[in-house]
Amino acid sequence: MKKMLGLSVFLALAPLAQAADLEAGKARAATVCAACHGANGVSVSDTIPNLAAQRAGYLEAQLKAFKDGTRKAAGTTSPTAIMAAMAAQLSADDIANVAAYFAAQPGAAAGTKSAQLPNVAKTYVTFPEGYKDSFVKYHTISFPATRQVRYYYANKVAVAAAKAGKPLPDGSVLFAEVYSAKLDADKKPVAGGDGNFVAEKLVAYTAMARDAGWGNNIPEMLRNENWNYAIFTTDKQHQAGVNQAVCLGCHKPLDKVSYTFTLKQLADAK
């Protein structure tokens, strides 16, 4: 009888002992999730899903899958890769608490945006007119998944720092021309003599640049020191509907290499 009574007490208390901590979830979400998904689960962008009012079990399962690699990333810049990097910062308790917290939030009304949107939507990066005359072309990358090829340029400030083995300082600008690849009769990209895809049509430009104070209003969990990011159309205008949340999240783990994927190539620039 005593054993059965003890078991009954244990079973009665177990759910309470294992219950998620909503306040802890709120605090953790503020440091890892809020800059993209919003403090209350209302995202900063139409391309980022709302988490408010999602089922806790579903959210917990997805976070675990990101953390353990069950959800595979299609490249280092994919949303899955970014989520994997974020989920890696969460313990099992964090995951349960964050999932429960977002599940407890009211669903977002149509058209609602996170209050943090202005902090990640605004970029100080402007189009670097005359870059072909003053920048150094230092790298080329082919992207099979998108059938594109990109040509990378950097200003002299960035090149000098990279060659000296120093972190890229304020005033650095890295810039890329994005081209669709020429396709053969089977719709496969054609490779040139250098092994990279043959460029056919300019489709966009991308840029990352930094200057004093540019990171001040970006949430710490996404801040890349003073780096800002931008995508430009072929007529050199900021691409509509783009915010920096995805770029910041993708580059965040690269703090040891000046938040760039191509620091080695930059240091080897001719």
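The text that follows walks through the structure, step by step, so that each part is easy to find. (Residues numbered from 1 in each chain as written. Predicted model: local features only at pLDDT ≥ 70, side-chain atom pairs only at ≥ 80, totals over all residues. Heavy atoms only, no water.)

1. What about unusual backbone geometry?
Part 1 of the reasoning: Phi angles above zero are rare outside glycine, and Ala53 is one such case at about 70°.
Part 2 of the reasoning: As for its placement among the helices and strands, Ala53 is situated in the loop between α3 (34-37) and α4 (56-68). (Helix = DSSP H or I, 4+ residues; strand = E, 2+ residues; numbered from the N terminus.)

2. Concerning the pattern of salt bridges
Part 1 of the reasoning: Summed over all chains, the structure comprises seven salt bridges.
Part 2 of the reasoning: Close ionic contact of Glu177 with Lys132 constitutes a salt bridge, the shortest N to O distance being 3.5 Å. Residue Glu177 is found in strand β3 (residues 173-181), and its partner Lys132 is found in helix α8 (residues 131-134); the two are separated by 45 residues along the sequence.
Part 3 of the reasoning: Between Arg210 and Glu225 there is a salt bridge whose closest N-O contact spans 2.7 Å. Of the two residues, Arg210 sits in strand β4 (residues 199-210) while Glu225 sits in the loop between β4 and β5 (227-232), which places them 15 residues apart along the sequence. (Salt bridge = Lys/Arg side-chain N within 4 Å of Asp/Glu carboxyl O.)

3. Remarks on α4
Part 1 of the reasoning: Its 13 residues give α4 an end-to-end C-alpha distance of 18 Å, which sits within 8% of 18 Å, the value for a rise of 1.5 Å per residue.
Part 2 of the reasoning: Among all positions in α4, only Leu59, Gln62, Leu63, Ala65 and Phe66 are buried. On an axial view of α4, the arc spanned by its buried residues comes to 160°, and they lie on one face. Exposed and facing more than 90 degrees away from the buried side of α4 are Gly57 and Asp68.
Part 3 of the reasoning: Gly69 sits one or two positions beyond α4 and adopts a positive phi of about 85°. (Expected span 1.5 Å × (residues − 1). Buried < 20%, exposed > 50% of the residue type's maximum accessible area, 1.4 Å probe, protein only. Arc of directions from axis to C-beta.)

4. Focus: helix α9 (residues 156-163)
Part 1 of the reasoning: Along α9, the positions that sit buried rather than exposed are Ala158, Val159, Ala161 and Ala162. Angular distribution of buried residues about the axis of α9 spans 165°; they occupy a single face of the element.
Part 2 of the reasoning: Close packing links the buried residues of α9 with β1 (136-143), β2 (148-154), β3 and α11 (263-267).
Part 3 of the reasoning: Directly after α9, the chain includes Gly165, whose backbone phi takes a positive value near 75°. (Contact = heavy atoms within 4.5 Å.)

5. Examining the packing of aromatic side chains
Part 1 of the reasoning: Enumeration according to the criterion identifies 13 aromatic pairs in this entry.
Part 2 of the reasoning: Measuring from centroid to centroid gives 5.4 Å for Tyr101 and Phe102, while their planes differ by 50°, and the two rings are tilted.
Part 3 of the reasoning: We classify Phe102 as buried; its relative accessible area is 1%.
Part 4 of the reasoning: Here Tyr131 and Phe135 contribute two aromatic rings whose centre-to-centre distance is 6.4 Å and whose plane-to-plane angle is 65°, an arrangement assigned as edge-to-face.
Part 5 of the reasoning: An aromatic cluster is built from Phe127, Tyr131, Phe135, Tyr153, Phe175, Tyr205 and Phe232, whose rings are joined through pairwise contacts.
Part 6 of the reasoning: Positioned above the aromatic ring of Tyr124 is the side chain of Lys122, whose terminal nitrogen or guanidinium carbon lies 4.8 Å from the ring centre.
Part 7 of the reasoning: In this structure, Arg150 packs its charged tip against the face of Phe143, placed 4.7 Å from the ring centre. (Phe/Tyr/Trp six-rings, centres within 6.5 Å; stacked < 30°, edge-to-face > 60°. Lys NZ or Arg CZ within 6 Å of the ring centre and 35° of its normal.)

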